[in-house]
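What the coordinates show
Next come the chains, spelled out residue by residue.
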Amino acid sequence: MGLIPAAVERLAAEFGRLPGIGPKTAQRLTFHCMRATPESTAGLAAALADLRRRVRPCSRCYFIAEGDLCAVCSNPSRDQTVMCVVEEPLDVLAVERSGEFGGLYHVLGGALSPIDGVGPDQLTIDALERRLDGGEVREVVIATDPDVEGEATAHYLGDRLASRGISVSRLAHGLPAG
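A short tour of the structure in this document, coming up. Every value quoted in this text rests on a predicted model; they were computed, and no experiment measured them.

Remarks on the sheet that holds strand β6 (residues 167-170)
- Read from one edge of the open sheet, 4 strands run β4-β3-β5-β6, paired in parallel fashion. The open sheet terminates on both sides in strands that have one partner only, identified here as β4 (104-107) and β6. Each strand axis lies, on average, 25° off the axis of its neighbour in the sheet, ignoring direction.
- In the sheet, strand β3 (residues 82-86) pairs with strand β5 (residues 139-142) via 4 bridges, with the strands oriented parallel. Pairing of Met83 across the sheet is with Val140, part of β5.

See the structure below:
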């Protein structure tokens, strides 16, 4: 017989599978849930179930949505001629926090990484090209991460989109100079 009940071990293991959660944090979260009121833990369980049941990728841009389209794609006041291409839904939130972009988005679902088995077919690049075939978008801003995978993805997209007659630019990053 182990020191810790199986249900506690299981919940800690599930918390530990979340990004950024190590074994100690997983244990702290588990013990917090044990101290919490039954209503509080039931609320957490209901929120997780509701998330899985109601939220899905937007059918157009792959951001998060409760319906078919996300809040950005269903907003007619967004600039339909400019699109920002990002890796993940969290990147949309980061760009939106800046308050400087009023166009559309396209979420790739990751970055090219041959070592991890992520090629163009695992990303939403074909869907991006179908959207661009509509003809309204005049400029694409590639805002992938400034790491090796993000740079490779940006270069690949730049080459693939260059022949479409659309202005393709890369989001600036780094330290300002001068």
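Having seen it, we continue.
A few points about the nonpolar core
- Judged by nonpolar contacts, the single largest core of 17 residues is most densely connected at Cys70, Cys84 and Tyr105.
- Among the secondary structure elements, those contributing two or more residues to this core are β3, α4 (89-98) and β4.
- With 3 residues, the single largest contributor to this core is β3.
- Excluding anything up to four places from it in sequence, Cys70 contacts Cys58, Cys61, Phe63, Ile64 and Ala65.
- Judged by nonpolar contacts, the second largest core, of 15 residues, contains Ile125, Ile142, Leu157 and Ile166.

Digging into the side chain of Arg78
- Tracing the backbone shows Arg78 in the loop between β2 (64-65) and β3.
- At 2.9 Å, the side chain of Arg78 forms a polar contact with the backbone oxygen of Gly103.
- Residues contacting Arg78, with those up to four places away along its chain left out, are Val72, Glu96, Phe101, Gly102, Gly103, Leu104 and Tyr105.

Looking at the packing of helix α5 (residues 125-132) against helix α6 (residues 148-161)
- Contact geometry of α5 with α6 gives a least axis separation of 12 Å together with a crossing angle of 35°. Judged by the twist between their axes, the crossing of α5 over α6 is right-handed. Contacts between α5 and α6 involve Ile125, Asp126, Leu128, Glu129 and Leu132 from the first element and Tyr156, Leu157, Arg160 and Leu161 from the second.
- Along the lines of polarity and charge, the residues of the contact of α5 with α6 split into 6 nonpolar, no polar and 3 charged.

Some words on a nonpolar patch on the surface
- On the surface, a nonpolar cluster with roughly 270 Å² of combined accessible area is contributed by Leu44, Leu48 and Leu51.
- As for its position among the elements, Leu44 is in helix α3 (residues 38-54).

A short note on the side chain of Thr30
- By the secondary structure assignment, Thr30 is in helix α2 (residues 23-35).
- You can call Thr30 buried: its relative accessible area is 1%.
- In this structure the side chain of Thr30 is engaged in a polar contact, spanning 2.8 Å, whose partner is the backbone oxygen of Ala26.
- Those residues in contact with Thr30, other than ones at most four positions away along the chain, are Val8, Leu11, Ala12 and Phe15.

With respect to helix α1 (residues 6-16)
- Along α1, the residues classified as buried are Val8, Ala12 and Phe15. Considered in projection along α1, the buried side chains sweep an arc of 60° and stay on one side of the axis. Facing away from the buried side of α1, by more than 90 degrees, are the exposed residues Ala6, Ala7 and Arg10.
- Elements in contact with the buried residues of α1: α2.

Regarding the pattern of salt bridges
- Scanning the entire structure with this criterion turns up 10 salt bridges.
- Taking the shortest distance from any N to any O, the salt bridge between Asp50 and Arg53 comes out at 3.3 Å. With Asp50 and Arg53 both in helix α3 and 3 residues apart, the pair spans about one turn of that helix.
- You can call Asp50 partly exposed: its relative accessible area is 27%.
- The closest approach of N and O atoms between Arg160 and Glu129, which form a salt bridge, is 2.8 Å. Here Glu129 lies in helix α5 and Arg160 lies in helix α6, a separation of 31 residues in the sequence.
- Exposure remark for Glu129: the relative accessible area of 12% places this residue in the buried category.

What counts and how
Per chain, residues are indexed from 1 in the order of the written sequence. Given that this is a predicted model, residues contribute local features only at a pLDDT of at least 70 and side-chain atom pairs are listed and counted only at 80 or more, while totals for whole chains, interfaces and linings are drawn from all residues. Here the side-chain values reflect all heavy atoms present in the structure, with hydrogen atoms and water set aside. Strand pairing requires that DSSP identify at least two bridges connecting the strands. Only DSSP runs of H or I with at least four residues qualify as helices, and only runs of E with at least two residues qualify as strands; both kinds are numbered from the N terminus onward. Here the axes come from fitting lines to C-alpha atoms, over the contacting stretch only for helices, and the angles between their N-to-C directions go from 0 to 180 degrees. As used here, the term nonpolar core means buried Ala, Val, Leu, Ile, Met, Phe, Trp, Tyr and Cys residues forming a set that is joined through side-chain atoms within 4.5 Å. For every residue, the accessible area (1.4 Å probe, protein chains only) is compared with the maximum for its type, and the residue is labelled buried under 20%, exposed over 50%, or partly exposed between those bounds. The contact criterion used throughout is that any non-hydrogen atoms of two residues lie within 4.5 Å. As used in this structure description, the phrase polar contact means that two N or O atoms lie within 3.5 Å; if the pair is within protein, one of them must be able to donate a hydrogen and the other to accept it, and residues adjacent in sequence are counted only when both atoms belong to side chains. Each crossing gets its hand from how the near helix is turned against the far one by less than a right angle, where anticlockwise is left-handed and clockwise is right-handed. The nonpolar class holds Ala, Val, Leu, Ile, Met, Phe, Trp, Tyr, Cys and Pro. Asp, Glu, Lys and Arg form the charged class, and all remaining residues, Gly among them, are polar. Residues enter a patch when their relative accessible area is above 30% and they make no salt bridge; the linking distance is 9 Å between like charges and 5 Å between nonpolar side chains (Val, Leu, Ile, Met, Phe, Trp, Tyr). Per-residue accessibility takes into account occlusion by the displayed protein chains alone, with areas from the Shrake-Rupley method and a 1.4 Å probe. For this analysis, a salt bridge means a side-chain nitrogen from Lys or Arg found within 4 Å of a carboxyl oxygen belonging to Asp or Glu. Each direction from the helix axis to a C-beta atom contributes to the arc, which is the arc of those directions.

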